[in-house]
Amino acid sequence: MDKVFAVMKREYMERVRSRWFIFATVFGPLLMGVLLFLPGWLASRSQSRSDATDIVIIDASGAALGARIGDALVAGGGNRPVVRVVEPSAIVQAESTATKEVIAKQRQGYLLVDALTVAGERARYSGRNASTLPDMRRIEDGVRGAVLSLRFEQAGLDAQRVQALSKIKLDMTTERLSERGRGGGGENSVFLAYAVAMLLYMSIVLYGQAIMMGVIEEKTQRVAEVVVASISPEKLLAGKVLGVGSVGLTQQVVWIGSAIAMLQLKGPIANALGIATVSTFTLPTVSILTGLSLLVFFLLGYTLFATLFAAAGSMVSSTQDAQQVATPLTLLIVPSLLLLAPVLLEPNGTLARVFTIVPFTAPILMPVRMSLTNVPMLEVLASIALLVLSCLAAVWVAARIYRVGVLMYGKKPSMSEVMRWVRVSR
Amino acid sequence: MTQLAVDIQSVVKRYAGHVAVRDLSLQGPVGAVYGLLGPNGAGKTTTIRMLLNIIAPDEGRISVLGVPNTTKDVLDRVGYLPEERGLYKKMQVRRLLRFLGELKGIRGAEADRRIDYWLDRLSLRTSEKDWGAAKVDELSRGMQQKVQFIGTLLHDPDLVILDEPFSGLDPINAQALKDTVLELRKRGKTVIFSTHLMDNAERMCDAVCIIARGEKVLDGAVSHVRAEAGSNHIALGLDGVATDQVAAVLADESLVRRVDDSSRFFEIELADGANAQELLRRLVDAGAVVQRFEKVQPSLHQIFLQKVGASGIEDGMSGHG
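All figures in this text were calculated on a predicted structure; none of them were measured in a lab.

All right, on to the overall build of chain B then. Counting its regular elements, chain B contains ten helices and 14 strands. Along the first, second and third principal axes, the C-alpha atoms of chain B reach 75 × 50 × 40 Å. Split into buried and exposed, the 321 residues of chain B put 51% on the buried side. Summarising the internal contacts of chain B: among those between residues at least 6 apart in sequence, 69% fall at separations of at least 24. Of the side-chain charges in chain B, 41 are positive and 44 negative, and the distance between the mean point of each set is 6 Å.

Listed as interface residues are 27 residues of chain B and, on the opposing side, 23 residues of chain A. Taken together, both faces of the contact between chain B and chain A bury some 2,500 Å²; the carbon and sulfur share is 54%. In terms of surface lost to chain A, no three residues of chain B exceed Ile-54, Tyr-88 and Leu-103 of chain B, which account for 26% of the buried area on that side. Inspection of the chain B/chain A interface yields five salt bridges.

This part is about the packing of helix H3 (residues 65-74) of chain A against helix H6 (residues 133-154) of chain A. All names here are of chain A. Between H3 and H6, the shortest axis-to-axis distance is 8 Å and the interhelical angle comes to 125°. The orientation of H3 relative to H6 falls into the category oblique. As H3 packs across H6, the resulting crossing turns out to be right-handed. Here Leu-65, Arg-68, Ile-69, Ala-72 and Leu-73 of H3 lie close against H6, whose contacting residues are Arg-138, Ile-139, Gly-142, Val-143, Ala-146, Val-147, Ser-149, Leu-150 and Glu-153. Classifying every residue of the contact of H3 with H6 gives nine nonpolar, two polar and three charged.

Residues and elements named next belong to chain B. Judged by pairing direction, the sheet is mixed, and its six strands sit side by side in the order E6-E7-E8-E3-E9-E10 without closing on themselves. Each edge of the open sheet carries a strand with a single partner, namely strand E6 (78-81) and strand E10 (215-221). Put simply, the sheet's adjacent strands are angled 15° from each other on average, direction ignored. Packing of helix H4 (residues 141-153) onto the sheet brings it into contact with E6 and strand E7 (159-163), and relative to E6 it is tilted by some 160°.

In this section: the environment of Pro-57 of chain B. All names here are of chain B. Within the fold, Pro-57 resides in the loop between helix H1 (44-51) and strand E4 (59-64). Considered as a pair, Pro-57 and Val-217 are 160 residues apart in the sequence and their alpha carbons are 20 Å apart. Other than its neighbours up to four places away in sequence, Pro-57 contacts Val-11, Val-12, Lys-13, Met-50 and Ile-62.

Turning our eyes to something else, we now look at the domain arrangement of chain A. The assigned domain composition of chain A is domain 1 (2-38 + 182-424) and domain 2 (50-161). Just the C-alpha atoms count here: the centres of domain 1 of chain A and domain 2 of chain A sit 55 Å apart.

Attention shifts here to the packing of aromatic side chains. Counted under the stated rule, the structure contains six aromatic pairs over all chains. Centre to centre, the rings of Tyr-117 of chain B and Trp-118 of chain B are 5.5 Å apart; their planes meet at 80°, and the pair counts as edge-to-face.

Within this structure, the stated rule accounts for 45 salt bridges over all chains. For the salt bridge of Asp-71 of chain A with Arg-80 of chain A, the shortest nitrogen-to-oxygen distance reads 2.9 Å. The exposure class of Asp-71 of chain A is partly exposed, given its relative accessible area of 44%. For Asp-116 of chain B, the salt bridge is made with Arg-125 of chain B, and the minimal N-O distance between the two is 3.4 Å. Within the structure, one salt-bridge network assembled from shared partners comprises Arg-10, Glu-11, Arg-15, Glu-218 and Lys-240 of chain A.

Paired through their backbone hydrogen bonds, the strands of a sheet run either parallel or antiparallel. All names here are of chain B. Taken together, four strands build an open sheet; the order of strands is E12-E13-E11-E14 and the sheet is antiparallel. On the outer flanks of this sheet lie strand E12 (256-261) and strand E14 (290-296), each paired with one strand and no other. Recorded for the sheet is a direction-independent mean angle of 20° between the axes of neighbouring strands. Packed on one face of the sheet, helix H9 (residues 276-285) meets strand E11 (233-238), E12, strand E13 (265-270) and E14 and runs near 165° to E14. Here helix H10 (residues 300-307) sits on the sheet in contact with E11, E12 and E13, set at roughly 125° to E12.

Counting residues in hydrophobic clusters, the biggest one holds 154 residues, and the most contacted among them are Leu-159, Ile-161 and Leu-162 of chain B. Not counting residues up to four positions away in its chain, the partners in contact with Leu-159 of chain B are Ala-5, Val-6, Val-64, Leu-65, Arg-77, Val-78, Gly-79, Thr-190 and Ile-192 of chain B.

Moving on: a nonpolar patch on the surface. A grouping of Ile-22, Phe-23, Val-26, Phe-27, Leu-30, Leu-31 and Leu-35 of chain A is seen on the molecular surface, where their side chains present a nonpolar patch of about 710 Å² in accessible area. In this structure, Phe-23 of chain A sits in helix H2 (residues 19-48).

What follows deals with the packing of helix H17 (residues 377-405) of chain A against helix H18 (residues 415-423) of chain A. Each pair of packed helices gets described by two things: the angle between the helix axes and the distance between those axes. Residues and elements named next belong to chain A. At a minimum axis distance of 8 Å, the contact between H17 and H18 shows a crossing angle of 105°. Here H18 runs roughly perpendicular to H17, going by the angle between their axes. Note on element contacts: H18 touches H17 through Val-418, Trp-421, Val-422 and Arg-423, opposite Trp-396, Val-397, Arg-400, Ile-401, Val-404 and Gly-405. A per-class count over the contact of H17 with H18 returns seven nonpolar, one polar and two charged.

What follows concerns the state of the cysteines. Residue and element names in this part refer to chain B. Scanning all chains against the criterion turns up zero disulfides over all chains. Considering cysteine sulfurs only, Cys-209 is the nearest to Cys-205, which forms no disulfide, with 11 Å between them. Residue classification places Cys-205 among the buried positions, given a relative accessible area of 7%.

The rules we used
- Residues numbered from 1 in each chain as written.
- Chains lettered and ligands numbered in written order.
- Predicted model: local features only at pLDDT ≥ 70, side-chain atom pairs only at ≥ 80, totals over all residues.
- Heavy atoms only, no water.
- Helix = DSSP H or I, 4+ residues; strand = E, 2+ residues; numbered from the N terminus.
- Buried < 20%, exposed > 50% of the residue type's maximum accessible area, 1.4 Å probe, protein only.
- Contact = heavy atoms within 4.5 Å.
- Lys, Arg positive; Asp, Glu negative; His and termini not counted.
- Charge placed at Lys NZ, Arg CZ, Asp CG, Glu CD.
- Buried area = accessible area lost by both parts, 1.4 Å probe.
- Salt bridge = Lys/Arg side-chain N within 4 Å of Asp/Glu carboxyl O.
- Axes fitted to C-alpha atoms, helices over the stretch in contact; angles between N-to-C directions.
- Parallel < 35°, antiparallel > 145°, perpendicular 65-115°, else oblique.
- Left-handed = near helix turned anticlockwise from the far one by under 90°.
- Nonpolar A, V, L, I, M, F, W, Y, C, P; charged D, E, K, R; others polar.
- Pairing = 2+ DSSP bridges.
- Domains from an automatic or database assignment.
- Phe/Tyr/Trp six-rings, centres within 6.5 Å; stacked < 30°, edge-to-face > 60°.
- Core = buried A, V, L, I, M, F, W, Y, C linked by side-chain atoms within 4.5 Å.
- Patch = residues over 30% accessible without salt bridge, like charges linked within 9 Å, V, L, I, M, F, W, Y side chains within 5 Å.
- Areas by Shrake-Rupley, 256 points an atom, 1.4 Å probe, with all protein chains shown as cover.
- Disulfide = S-S within 2.5 Å.

Take a look at the structure:
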């Protein structure tokens, strides 16, 4: 056991010290922070800019709609837009003048309103910022509000009163409700499921391949023989899988930890950055049981693929050959991603129920399903049991392939040769 | 009976298509330097790997330091330098040595103390530069070999197994290796090494075993092996290159069975019934300027050629011996 620990410690320390690990571990939370705060920051920037009001309004409505829109836009800050009231016949002339102004960068764009706008059918905007969503939303809201107030007034209602009554700022919050009670937002749990799937997929693929490359490196650098003279290949394999697995766990603890910290502290952070609105995403509540089973599925899934990747690595003698032996394993993982969308859509459908039991897709899809819906305990246990059995089988096969392969150099062995390695232990 | 450091009994190892080792038995006593000699492809590395339980024999028994080599922890008392040298290139030398020590059960301050001792001894740590803090791939080839050698000896093994230890060594490192081997022997340790360099074997080994095609050809104490191989060997030294007349004498099959021609030095095996005096007279008559003419025991090199010959090298076999 001391030797397994020695191998594990070496794998862990050497990898944690590597520049790649430090970069990825720091970069992950950084990326998360950017995703969390950047939209708010951009929004707060674009609001303080006056692009949305720096426009010409060509008013051919004949009902002074342009002035109303100007009022509505100015209410959100910025300069008052220029309003040009024209006859419908002079629209073409007014448009070409406005176009020149936009091209000369005197204005951001121009808005055309006419009788159809008053009828509530359409308005047209052309400008540099036509693809800036917040600007367009503001202008559209302005037009809509102006048309509405115009209609109320025409219907004989008091403008002030109408404005006061129609001012509604509505945010709908969503919440998941199930037989286990309330908890978490509906949208949030999809987000969580997606995050869980990506995290599991990435760590299984990345760390599985890391083990494979490590095994090949030991072979190409001819270290393997020195090591297996001191420790049995089975223990070496175990040490490597545990060591690299601990690296993966460390990284995830950092990532998940900083995600939780960031979501908890997003208010203070946003204030410090001078951002008014941050994404409404809140921390989903994860029950201890779900959290635990997440960990169990990660560990089992990782073990299953890591041992297979290690065995694959031991079969070849160069990194060039690695891709060939890794491909079949990748084909076992990829279905998890392909099936992600169907499972997200219908977490209790037949497809989801079947593939959360199949050992190669269960490690990713079952946690996804569990974060979306309440999976019957029996199915969870069956999935775990099958996965444990698969792990044992994989470890047994991998250890046998590894034992022979790790000292084998030269040509990539054929499938029948590998089968013989498995049958004859050494 | 003296205690045996290694005891290999009737070991057979088959691979698909060929037999690497067939019915090999050999005994290496404690405290001796034991040479495993043989051409490439003879089964030396396979034998050594079986000794270390890296691969298992198909038949036969192997004991190391008095117990079966599958016994728990017995291999912690064995040090191994494989023919294919290799170290983790990206690792710092000191961390690598600590790791190799841990694999043999040496850790902590004790490991550090020994690492310091060896780094100093092999001049990898001097007042100017501590190579222990460098990464392996920053070291020269020679220094990497020293590091590998430290890794082999760090846990002060009772049995040291060196597979082709001299291959790729420069003369200085080769001398350091010889000195270390002899010092290990003085301290009562057993050293087994494989080589195809007979000179080194002859000078360093107490006993040898010659194997070819997976079979033992002969074994025993070096002195015994040489005495057994007969005394009808002549060492001949000439001043200047042999003339055609001299060459003709040496080619006379009634006098000379075999000659190992090193241009100015010849090792000659007399033909049956031939007389050394007769050979000397004929050589002088042929105009040879003789600097040395001595009846000697055959060198291991001669014995090797005699016993194994060119036929002992399997056609097309290469790689691990």
